[in-house]
Amino acid sequence: MSMIRIGTGFDVHAFAHGGDHVMLGGVRIPHSCGVLAHSDGDVLLHATCDALLGALALGDIGHWFPPEDPSLKGADSRLLLRHVMSEIHARGWQLGNADTTVICERPKLKPHIETMRHVMAEDMRVDISRVSVKATTTEKLGFTGRKEGIAAQASVLLVRA
Ligand code: MG
């Protein structure tokens, strides 16, 4: 029986015209606008959820949390991550490590990276040393470079609990 599984996730949300913050990695980051989303629009947590689900071939975040579900309006994505993690644990797996990247021109993420790692490690119930959050830009190219939105990608390794 296989003892490790790998998963990848990717998510994008467009910036909105209004708002004063974005949620990233479960952290509220002040910004000149928010993002358009049914939930709180946390691309980093959504990409991480998709990676976790993908590792066990459990479908995607839209399957588990349908955007048309009114109870998810404005939902705290940490609840989604914790729910996904409980499904992983229930199947006898735990997180080996997660490596993630947020891609945007603004806001600047460096001051928030450690808090994001802390929050995500807590929600995935592992030591912070197993959770990597990186930030990059696309050198002003493409939709992230034009500050039209934020993207995130995640890779996870699951190990048998
Ligand atoms: Mg999303």
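Quick caveat: nothing in here was measured; it's all calculated off a predicted structure.

(A) Just the coordination of the magnesium ion, in detail. Within the first shell, the magnesium ion binds the protein through Asp-11 (OD), His-13 (NE2) and His-46 (ND1), at distances of 2.2 to 2.3 Å. The sequence pattern describing where the donors of the magnesium ion fall on their chain is D-x1-H-x32-H.

(B) Up close: the pattern of salt bridges. Tallied over the entire structure, the rule returns 8 salt bridges. Among the ionic pairs, Arg-91 bridges to Glu-87, the shortest N-O distance being 2.7 Å. Through salt bridges with shared partners, one network takes in Arg-78, Arg-82, Glu-122 and Asp-123.

(C) Geometry of the packing of helix 1 (residues 43-55) against helix 3 (residues 77-90). At a minimum axis distance of 9 Å, the contact between helix 1 and helix 3 shows a crossing angle of 10°. It follows that helix 1 is roughly parallel to helix 3 by the angle criterion. For the element pair helix 1 and helix 3, the recorded crossing hand is left-handed. The residues of helix 3 that touch helix 1, namely those facing Leu-45, His-46, Thr-48, Cys-49, Leu-52 and Leu-53, are Ser-77, Arg-78, Leu-80, Leu-81, Val-84, Met-85 and Ile-88. A breakdown of the residues in the contact of helix 1 with helix 3 according to their chemical character gives 9 nonpolar, 3 polar and 1 charged.

Basis of the calculations
Residues numbered from 1 in each chain as written. Predicted model: local features only at pLDDT ≥ 70, side-chain atom pairs only at ≥ 80, totals over all residues. Heavy atoms only, no water. Donors = N, O, S within 2.8 Å, 3.2 Å for Na, K, Ca; no water. Salt bridge = Lys/Arg side-chain N within 4 Å of Asp/Glu carboxyl O. Axes fitted to C-alpha atoms, helices over the stretch in contact; angles between N-to-C directions. Helix = DSSP H or I, 4+ residues; strand = E, 2+ residues; numbered from the N terminus. Parallel < 35°, antiparallel > 145°, perpendicular 65-115°, else oblique. Left-handed = near helix turned anticlockwise from the far one by under 90°. Contact = heavy atoms within 4.5 Å. Nonpolar A, V, L, I, M, F, W, Y, C, P; charged D, E, K, R; others polar.

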